[in-house]
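Architecture at a glance
Each chain, written out:
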Amino acid sequence: LSYDRTGEFQTSLYIKPDIFLLMLGHNDVKRWNSGFQSDLAWYVQQAKAAAPTDSAKGIRIILAIPPWVKTTRYGIIESGMVNLVQPAVRSVASSEQVQLVDLHSITVNQANYYARDGLHLNRQGYGTLASALFQAIQCNQNGVCEIGETCSSCPSDCFVNC
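A brief report on the enclosed structure follows. (Residues numbered from 1 in each chain as written. Predicted model: local features only at pLDDT ≥ 70, side-chain atom pairs only at ≥ 80, totals over all residues. Heavy atoms only, no water.)

With a phi angle near 55 degrees, Q97 is a residue other than glycine that sits in the positive phi range. Among the structural elements, Q97 can be located in the loop between helix 3 (78-95) and strand 3 (99-102). Note on Q97: relative accessible area 73%, which makes it exposed. (Helix = DSSP H or I, 4+ residues; strand = E, 2+ residues; numbered from the N terminus. Buried < 20%, exposed > 50% of the residue type's maximum accessible area, 1.4 Å probe, protein only.)

So, in structure tokens, the structure goes:
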């Protein structure tokens, strides 16, 4: 667990957010360890424990599968993302019963989304990710009216309260 000591992670828990977005895996695939899945589950559990006490709905956690890896530079390899990171993220989302957003599928083979280094996204790529995450917040069509969903953005989930 390396992120747990960072100020950013601690602050994200301290502010008790209504929605917690979590995406890990790109840098982890460079030095893969078999503990990635259990570490990721721990982060999700920490986010659940940080739920706002004044909210009847608790916290909404969205776990994301990282984007496609265009390059082999920097030791981050696409096959590692597909064969190691993706199954671990999917498994944690399922076992922890949190929403999953697949950012890999919307970026795969979209070279125009990447900066010159082939690893980091450009404005268009980050815009695509932001749109996908925004849509996930607005409606995940799971039959439950959750934080961020409304009658107009997600009638399939919020029809009872409309």
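Structure's up, so let's keep going.
Below, the discussion takes up the state of the cysteines. The final tally for this structure, using the stated rule, is one disulfide. With a sulfur-sulfur separation of 2.0 Å, C139 is cross-linked through a disulfide to C154. Given an S-S torsion of about 45 degrees, the disulfide between C139 and C154 has right-handed geometry. Highlighted residues: C139 in the loop between helix 4 (123-138) and helix 5 (155-158) and C154 in the loop between helix 4 and helix 5, separated in sequence by 15 residues. You'll find C139 and C154 in the same group, each marked buried. (Disulfide = S-S within 2.5 Å.)

Looking now at the layout of surface pockets. For the largest pocket, the calculated volume is near 270 Å³. M23, H26, N27, P67 and H120 are, among the 16 residues lining the largest pocket, the residues nearest its centre. The residue makeup of the lining of the largest pocket, split by class, is eleven nonpolar, four polar and one charged. (1 Å grid on protein atoms, 1.4 Å probe; cavity = no way out; pocket = protein on both sides within 12 Å on 5 of 7 lines; lining within 4 Å. Points joined across faces, edges and corners; volume = space filled by probe spheres on them. Nonpolar A, V, L, I, M, F, W, Y, C, P; charged D, E, K, R; others polar.)

Now for the packing of helix 2 (residues 36-49) against helix 3. Following both chains from N to C, one finds helix 2 and helix 3 inclined at 40 degrees, their axes separated by 9 Å at the closest point. The pairing of helix 2 with helix 3 is recorded here as oblique in orientation. As helix 2 runs across helix 3, the sense of the crossing is right-handed. Here helix 2 contributes F36, Q37, L40, A41 and V44 to the contact with helix 3, which in turn contributes V85, A88, V89, S91 and V92. Split into classes, the residues belonging to the contact of helix 2 with helix 3 amount to eight nonpolar, two polar and no charged. (Axes fitted to C-alpha atoms, helices over the stretch in contact; angles between N-to-C directions. Parallel < 35°, antiparallel > 145°, perpendicular 65-115°, else oblique. Left-handed = near helix turned anticlockwise from the far one by under 90°. Contact = heavy atoms within 4.5 Å.)

The next point concerns the side chain of H104. Turning to its location among the elements, H104 is positioned in the loop between strand 3 and helix 4. Given the relative accessible area of 9%, H104 is considered buried. Discounting chain neighbours no more than four positions away, the residues touching H104 are I65, P66, P67, W68, E78, V82 and Q86.

Residue alternation in strand 3 divides its side chains into a buried set, Q99 and V101, and an unburied set, L100 and D102. Across four bridges, the pairing between strand 2 (residues 60-65) and strand 3 is parallel. Counterpart to A64 in the pairing with strand 3 is V101. (Pairing = 2+ DSSP bridges.)

This part covers helix 1 (residues 7-14). Of the residues making up helix 1, those classed as buried are F9, S12 and L13. In an axial view of helix 1, the angular spread of the buried residues amounts to 95 degrees, which keeps them on one side of the axis. In this structure, helix 1 carries E8 and Y14 as exposed residues pointing more than 90 degrees from its buried face. Here the buried face of helix 1 lies against strand 1 (19-22) and helix 2. (Arc of directions from axis to C-beta.)

Our next topic: the pattern of salt bridges. Opposite charge on two side chains permits pairing when their charged atoms draw close. Counted according to the given criterion, the structure contains four salt bridges. Across the pair E96 and K48 runs a salt bridge, and its minimum N-O distance is 3.0 Å. You can see E96 sitting in the loop between helix 3 and strand 3 and its partner K48 sitting in helix 2, a full 48 residues away along the chain. Given the relative accessible area of 14%, E96 is considered buried. One salt bridge in this structure joins R60 and E149, with 3.7 Å as the shortest N-O distance. On the criterion of sequence distance, the pair formed by R60 in strand 2 and E149 in the loop between helix 4 and helix 5 is long-range, its members being 89 residues apart. With respect to class, R60 is no different from E149; both count as buried. Ionic contacts of the salt-bridge type, sharing partners, join the residues R60, E146 and E149 into one network. (Salt bridge = Lys/Arg side-chain N within 4 Å of Asp/Glu carboxyl O.)

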